[in-house]
Each structure stands twice: as structure tokens, then as C-alpha cells.
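# Report on the structure
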Amino acid sequence: MNVVVCVKQIPDPADPGALNPDHTLKRDGKLILDESDTYGVEMALQLVDKAGEGEVTLVSMAPNGEVSGLRQALAMGAAKAILVSDDAIAGAGALDTAKVLAAAIGKAEGYDLVLAATESSDGYTGTVPEQVAALLDLPSVTFAKEVDIADGTVKVRRQTEEGYDVCESPLPALVSVTAGVVEPRYPSFKGIMAAKSKPLDTLTISDLGIDGDAVGWSGAGQEIVDVSPAPEREAGEVIEDDGEAHAKIVEFLDGLKVL
Amino acid sequence: MALSKIWVHCEVSEDTIAPITLEVLAKARTLTDQVEAFVGGPGDAVAETLGAHGVKKVHATGDLQGGMQGVHVAAALAAAIEGGEAPDLVMFGSTYDGRDIAARLSVKLDKPVITNNTDVEEDGDSIVVSEPIFGGTEIVKTKFAAGGPALATFRPKSFEAEEAGGGAAEVAELAVPEVGAAGAAKILDRHIEETSGPKLDEAAVVVSGGRGLGESDKFDMIEQLAKLLKGAPGASRAIVDAGWVPYAYQVGQTGKVVKPTVYIAAGISGATQHMVGMKGSKNIVAINKDPEAPIFGVADLGIVGDVHKVLPKLIEALQAR
């Protein structure tokens, strides 16, 4: 049971985001493993454990050779990582990202399953998993709440607008998992030490046979024409609760005639 | 230039069209008279409602026999587009199936899809979409530069649905080509989770709880208050991830977008993820211990106080009425 997990290293979401003059997201500070991806990594580790054989391979893309997020996932227990880092991918949109990830996944031989988060916490386009699946010609199920594997088949409970669907696919397949699907483990001290010596291959896009003009700004097929502040919502009255604040709320609701 | 033709993804559950589809249709009609819809399923049951919302023609795949929408509908659209039916713009909801189809189609056509938009406009010969970023504090406008058709998904509640008063839409077959191995995933069974009271994204009053509640059984207060106000209970991502309440309660970027008359946020600090989902509410009441909580920046009435003290009194006062 070999599982590939797509992971993204992102600026800390606790810091306010900012754009560079060329409209790319600022990534100057230390990047961290996207919390959404920790669920995919944990799910992969559990599936490999349950199968009793195989390993977890990480695949990621970053413009500046950043590996700290990958080290975190390796410390959780993934066996190895492939990082695609190249100046040419600056400005890459979701489709470009999917092309690079799909090519990198192609380097991870003999995988049974590809896992990803449903969307990243920075760009949140939510299309990359399906684009990767389409490029690899894999069946796929998105928004998984539960994932089970038996007899070459993956069974998934898929979140829907009204409840959930029970879905099934033969392997190999791609599954995107929602936050909260499993409880991600914290890396142990032993895991952190072991992660330092695990294989981490850094590739350029030419190593993957991708033309630099085909991805990033030159290949984007979209152009940002304006970034401006959204109309602000004005703050109203803020009061300290003196034991009677509930009455103020009732009065407010009365005024709106919702009672 | 007026757009010559727009296609809109029609989402259907048990023969009922999802509100997002009708919202997007209303916007599409402002851009062209030639609005067509497509559905990954039978078309007859939706033709009348779609017609009433200005759709001239609905392209329907017929029953997908448990196949996933993404791969089949995208293949059918790509074939129709390559066969000469190309619209200028294909509009989807930012929903589970909408994103899947748009993503697969973008690979088939090798064109970008721009997601999570709240508006679309024509600018000369170009189509420009608007997407809020950083929790809705900034708006990015993006132009499609790869030639048509432009692919874009739109957040729920971005537009207001409105009937246009047309007759039933014509139903045309949307042929699904052979999709090979990629089509092997199947839906075996569907489960509808029964909820009582109004739906979260349709309720006039929403009462949401967050981590400030302290522990999961305190969410009872949220349920109780929502019931008293004939509203729906909601939640921040933090307590959904913590397993206190199901995902269906989540208000935010990755949950439901709500625009009720009144939104009450109890013990929610106002992370950008949450603000995206509730900022459009007409009136916001926030209760939080931390006077610096970002939620107070958008609240019409902010109460700096302990939810464990304020909520029980509020519930009692409402019960007494």
C-alpha cells in the first residue's frame, strides 16, 4: 500500500496575508505545513499501517526550495518527499500547480492512492485535487469524511450539501479529505530526529519535462487587473457586559422585529 | 460586447434545483439573453423552473448511473464545446460538484478556472471576475486571457435569485463520451441528514458558537437560542474540527456562506475563515470575552462579556416573552 500525499507549505495563516507588487502572495517568512494537509498525511499513515506494508511519499511544490513543512510531515512518519522548486513556477495558478504535481507524482512509482486536502488555506481554489486526477487519468472522490481500503478498492464517505454519499472506486485513485477526518498526530522527538535523514529530492520543472513557458506567469491564461480594498463594514456599538447586556440584545432584536 | 452565450451548471437534489443555481442564473441574465443550463442528470424535472429563471435550453446528460458528476459532466461539456457549442462563459457554484466539474473541464480544455468569485463583469472584449481574498478585506479582479470559454465558480449568496417569467426550457441531450478508467468511481448510496428548523443558509436568524463556549455540551445553549429565535445553529471551523458539531454546521470559507437578517456570534473571535462566511449578514451581534477580538470590527452590537453569563440570561429573557 503506497500512498502519495500532496502537501503545501504556506505562510502562517495567523499572520495577515499580503501581496507582492506582482500580485503573488508574499512568502518571505518561514513557510509551514498547511494544517489542512496534516489530515491527509495522518490518513495516509493510518492506511499504510492498516495494510501492514508500503510507505507514504510526500509531493510538494514551492518557489524557493522551502522544506520546513515537508520535514514536519516526514517527522509525522512519511518515508520520503519530492519537492519541485523552480523560479519558473512563480505566479502558477491552480492548473499549473496541478500539472507540476501530477508530473512529480509520476516520479513516485507504484502508488495505489493519492491523497490531498480539499483546498489549501492560502489560495483555497479547491480545484487542484481534481485537476491532478484528470491529468493522471485517475478516478477520484473529493470531500472525503471517511476513507477505508479493502481488496483493491477505496470506500469513501463523501460530504455533500445535504448529508453524505457512500462512494467506491478501484485503485489507483485520488481522494481529497476534509479537515477533521482524522486526528493528526504530533511529531515525536524521535520522529523529528529521523526526519532529518529521510530522502528529500528536489527537482526542477525541466527534470519533470515541463517547459518553463507553460507554467507560472507566462502560462497562466489569466491576468490580475486590479487589487483593491473591499468596502469596509463599519463597527457598531461595543459595550461591556455589566450583567444586563442580554437586555440590550433583546432590545436590538426587537428593533429588527425578529422576535 | 454582449456575451453571446453563457452556460450555467444546474445543481439538483431530489428534483429540486439548488438556490446557488438560481442565484447564478440571475447574474448570467444580466450579461446575455442567451442563458443555457447543463445538468448531470435528467433534464425534464428541472426544465420548467429553469425556464422561469430565464434559461432557454437545458443540456442534460440523463441518469449518470451512480457515476460521479465531475468526470462525466466535464467530458460531456468538453465534447460539446469542441463540437461547436462553445459558450463565452461557463458558470458554476463554488460547491462540491461545481468545483469537481470545473476542475476536470479546465484540464480538458487546458484553460484556467477561477474560483470563489462574488462578481463577474464585461470589460471591453474581456470577462473579468472578482474574488475576495484575505478574509474579504481585499478584492482581486482577474481577466481571462486564454480565450473562451472562461470558466468560473461563484460563492453562494453572491447574487439574488429572481424569476424572469419564461416558459419551460427546451431539453437537449448532453452526450457523455466514454471516460475510461477515470470514470470508475461510483456513488453507491446517498444519505440526507435530517435537520429540524430552517436550513443554515436560508434562515433569517443564525446563532453560531465557537471555541469560547469552552466545551462541547455548552453548544446546547446555541441550539436553544437558535430555536427560540426560529433560526438555525451554526459553528466556527474550530469547533467543527474539534468534533463538537457536524460539518454541516460550519459557517465560513470552507463551510456555508450565510446572509441572515441577524447573525449572533457567541464565543467566536472572528478568524478570517469565519468572517468570509458571515460578513454579509444584515445585522451582527457578537459576544466575546476578548475586547480585541476581530469580530467586534464587524458587529453592529458587540458585547464584551462571558458567553456563559450572557447566553443563559438571554435565553431566559426570550423564554419569558
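Residues numbered from 1 in each chain as written. Chains lettered and ligands numbered in written order. Predicted model: local features only at pLDDT ≥ 70, side-chain atom pairs only at ≥ 80, totals over all residues. Heavy atoms only, no water.

## As for the UniProt feature "domain: Electron transfer flavoprotein alpha/beta-subunit N-terminal" (unreviewed entry) in chain A
Cross-referencing UniProt, the feature "domain: Electron transfer flavoprotein alpha/beta-subunit N-terminal" (unreviewed entry) maps to residues 22-212 of chain A in the present numbering. Its end C-alpha atoms 18 Å apart, residues 22-212 of chain A is made of 29% helix and 28% strand. (UniProt positions renumbered as here; feature names shortened; annotations may be inferred. Helix = DSSP H or I, 4+ residues; strand = E, 2+ residues; numbered from the N terminus.)

## Regarding the interface of chain B and chain A
Contact with chain B, which involves 82 residues of that partner, is made by 75 residues of chain A. Summed over both partners, the interface of chain B with chain A comes to about 6900 Å²; 57% of that surface belongs to carbon and sulfur atoms. Among the residues chain B hides against chain A, the three largest losses belong to B:Y96, B:R99 and B:R104. Together they make up 10% of the total. Applying the counting criterion to the chain B and chain A interface returns nine salt bridges. Note that B:D110 and A:K99 form a salt bridge whose closest N and O atoms lie 2.7 Å from each other. The tally of links from chain B across to chain A stands at 38 residue pairs in polar contact (both at pLDDT 80 or more). Per-element tally for the side of chain B that touches chain A: the top contributor is helix α4 (residues 96-109) of chain B, with eight residues. Grouping the amino acids of the side of chain B that touches chain A by side-chain chemistry returns 41 nonpolar, 18 polar and 23 charged. In terms of strand pairing, strand β12 (residues 222-229) of chain A meets strand β10 (residues 138-144) of chain B through seven bridges, oriented antiparallel. Looking at β10(B), one finds that A:V227 is bridged to B:V140. (Contact = heavy atoms within 4.5 Å. Buried area = accessible area lost by both parts, 1.4 Å probe. Salt bridge = Lys/Arg side-chain N within 4 Å of Asp/Glu carboxyl O. Polar contact = N/O pair within 3.5 Å; in protein donor to acceptor, adjacent residues only side chain to side chain. Nonpolar A, V, L, I, M, F, W, Y, C, P; charged D, E, K, R; others polar. Pairing = 2+ DSSP bridges.)

## Overview of the packing of aromatic side chains
Under the defined criterion, the tally for this structure stands at five aromatic pairs over all chains. Ring geometry for A:F143 versus B:Y96: centroids 4.4 Å apart, planes at 90°, classification edge-to-face. One end of the pair, A:F143, is in strand β7 (residues 140-150); the other, B:Y96, is in helix α4, on a second chain. On the accessibility criterion, A:F143 (6% relative accessible area) is buried. Ring geometry for B:W7 versus B:F38: centroids 6.1 Å apart, planes at 40°, classification tilted. (Phe/Tyr/Trp six-rings, centres within 6.5 Å; stacked < 30°, edge-to-face > 60°. Buried < 20%, exposed > 50% of the residue type's maximum accessible area, 1.4 Å probe, protein only.)

## Observations regarding the pattern of salt bridges
Evaluation of the coordinates by the stated rule reveals 19 salt bridges over all chains. The shortest N-O distance in the salt bridge between A:R158 and B:D97 comes to 3.2 Å. One end of the pair, A:R158, is in strand β8 (residues 153-159); the other, B:D97, is in helix α4, on a second chain. The exposure class assigned to B:D97 is buried, which follows from its relative accessible area of 17%. Ionic pairing is found between B:D100 and A:R158, a salt bridge with its closest N-O pair at 2.9 Å. Of this pair, B:D100 sits in helix α4 while A:R158 sits in strand β8, each in a different chain. With a relative accessible area of 2%, A:R158 lands in the buried category. Each of A:R158, B:D97 and B:D100 takes part in salt bridges that share partners, so that together they form one network.

## Observations regarding the packing of helix α4 (residues 128-136) of chain A against α4(B)
The N-to-C vectors of α4(A) and α4(B) enclose an angle of 45°; their axes lie 8 Å apart at closest approach. As the angle between them shows, α4(A) and α4(B) are arranged oblique. Between α4(A) and α4(B) lies a crossing of right-handed hand. Counted together, A:E130, A:Q131, A:A133, A:A134 and A:L135 of α4(A) and B:D100, B:A103, B:R104, B:S106 and B:V107 of α4(B) form the full contact between these two elements. For the contact of α4(A) with α4(B), a count of residues per class yields five nonpolar, two polar and three charged. (Axes fitted to C-alpha atoms, helices over the stretch in contact; angles between N-to-C directions. Parallel < 35°, antiparallel > 145°, perpendicular 65-115°, else oblique. Left-handed = near helix turned anticlockwise from the far one by under 90°.)

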